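# Architecture and fold: a report
Take a look at the letters that make up each chain.
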Amino acid sequence: MTWTSDELARVGRAEELRVASYRPDGTLRPYVTIWAVRAGDDLYVRSAYGADNGWFRRATASGSGRIQAGGVERDVTFTSAEPGAQAEIDEAYHRKYDRYGPAIVGSVTGPQAPAVTLRLLPTAA
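In short, a report on the structure. Keep in mind that this is a model prediction, so the values were computed, not measured. Note that residues are indexed from 1 along each chain, following the sequence as it is written. In view of the model being predicted, local features appear only for residues whose pLDDT reaches at least 70, and side-chain atom pairs are presented and counted only at 80 or more, with totals across whole chains, interfaces and linings using the full set of residues. With hydrogens and water set aside, each side-chain value is computed from the structure's full complement of heavy atoms.

### Observations regarding the pairing of strand 3 (residues 36-39)
Judged from the four bridges that link them, strand 3 and strand 4 (residues 42-46) form a sheet pairing that is antiparallel. Bridging from a neighbouring strand, Arg-38 pairs with Leu-43 of strand 4. Only when DSSP finds a minimum of two bridges between them are two strands counted as paired. Helix and strand definitions follow DSSP, with helices as H or I runs of at least four residues and strands as E runs of at least two, each counted in order from the N terminus. Once strand 3 ends, the chain turns through two residues before running back antiparallel as strand 4, passing Gly-40 with a positive phi of about 65 degrees.

### Regarding the environment of Ser-47
Tracing the backbone through its elements, the reader meets Ser-47 in the loop between strand 4 and helix 2 (54-62). Along the sequence, Ser-47 and Val-116 sit 69 residues apart, while their C-alpha atoms lie 5.5 Å from each other. Excluding residues that lie within four positions of it along the chain, Ser-47 makes contacts with Asn-53, Trp-55, Phe-56, Ser-107, Val-108 and Val-116. In protein, a polar contact requires one atom able to donate a hydrogen and another able to accept it; more generally it is a pair of N or O atoms within 3.5 Å, and residues adjacent in sequence count only if both atoms are side-chain atoms. Polar contacts involving the side chain of Ser-47 include one to the main-chain carbonyl oxygen of Gly-50, which spans 2.7 Å. The contact criterion used throughout is that any non-hydrogen atoms of two residues lie within 4.5 Å.

### Details of the packing of aromatic side chains
Pairing of aromatic side chains here covers Phe, Tyr and the six-membered ring of Trp, requires ring centres within 6.5 Å, and sorts the geometry by plane angle: under 30 degrees stacked, over 60 edge-to-face, intermediate tilted. Applying the stated criterion across every chain, the model contains five aromatic pairs. Ring centres of Trp-35 and Tyr-100 lie 5.3 Å apart, and the angle between their planes is 35 degrees; this geometry places the pair in the tilted category. Of this pair, Trp-35 sits in the loop between strand 2 (32-34) and strand 3 while Tyr-100 sits in the loop between helix 3 (86-97) and helix 4 (102-106), placing them 65 residues apart in sequence. Taking 6.0 Å as the distance between ring centres and 35 degrees as the angle between the ring planes, the aromatic pair formed by Tyr-93 and Tyr-97 counts as tilted. On the criterion of helical spacing, the pair formed by Tyr-93 and Tyr-97 is a turn pair, its members being four residues apart in helix 3. For the pair formed by Tyr-93 and Tyr-97, the shared burial category is buried. Exposure categories follow from relative accessible area, calculated using a 1.4 Å probe and restricted to protein chains: below 20% of the type maximum is buried, above 50% is exposed, and the middle band is partly exposed.

Nothing here speaks to function; it is geometry throughout.
Next up, the structure:
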């Protein structure tokens, strides 16, 4: 599955994204509001508070979840980002969120960010 151009545009423009992971029994955990960016034809999220952040731990353990942003609601698979994409992802975060200041944007960019970056892949509707 791939994102449609409309989904990429709508989610990419959304200020925030709501993400929830699936529990082992198939039920959805509560949504958490985070930042997300579009880099090329992919969507990415990062944990601002490191790998121990609850939503990030649950997403990586589950491997699947659901997102809501910009009027788009889709099931997704959480995967690692390609190492070569990290600079483009950093740039996308700066472009979209720099107005919030360097301390805040610095929590999702820089050398610590690749370890807490997830690529969102749409799954069948």
